[in-house]
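# Chain and residue survey
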Amino acid sequence: MIMGKKVTIVLENHVDERLHKIQADFIREYKEPISFSKVLNEILHKGLL
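All of the points below concern the structure found in this document.

What counts, and at which threshold
- Residues numbered from 1 in each chain as written.
- Predicted model: local features only at pLDDT ≥ 70, side-chain atom pairs only at ≥ 80, totals over all residues.
- Heavy atoms only, no water.
- Phe/Tyr/Trp six-rings, centres within 6.5 Å; stacked < 30°, edge-to-face > 60°.
- Helix = DSSP H or I, 4+ residues; strand = E, 2+ residues; numbered from the N terminus.
- Expected span 1.5 Å × (residues − 1).
- Buried < 20%, exposed > 50% of the residue type's maximum accessible area, 1.4 Å probe, protein only.
- Arc of directions from axis to C-beta.
- Contact = heavy atoms within 4.5 Å.

The subject of this paragraph is the packing of aromatic side chains. Applying the stated criterion across every chain, the model contains one aromatic pair. Ring geometry for Phe 26 and Tyr 30: centres 6.2 Å apart, planes at 70°, overall edge-to-face. One end of the pair is Phe 26 and the other is Tyr 30, both in helix H1 (residues 13-30) and four residues apart, which spans about a single turn.

The next subject is H1. Over its 18 residues, H1 runs 26 Å from end to end, which matches the ideal 26 Å to within 8%, given 1.5 Å per residue. Every buried residue of H1 is listed here: Leu 19, Ile 22 and Gln 23. Seen along its axis, H1 keeps its buried residues to an arc of 105°; they face one direction. Turned more than 90 degrees off the buried face of H1, the exposed positions are Asn 13, His 14, Lys 21 and Arg 28. Contact partners of the buried residues in H1: helix H2 (36-48). One or two steps after H1, the chain reaches Lys 31, where phi turns positive at roughly 50°.

All we've got here are geometric facts, nothing functional implied.
Set out below in structure tokens:
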């Protein structure tokens, strides 16, 4: 696992809600705990490439 940099961000409510829905979908699909940070990193990574 690659360790990242700890940062503090402020998300708009609708963005936060959408990311948590995506996190719930990941947890249901993979049947294991998925951190909010992992979800956020996955979404940002896909969006940046």
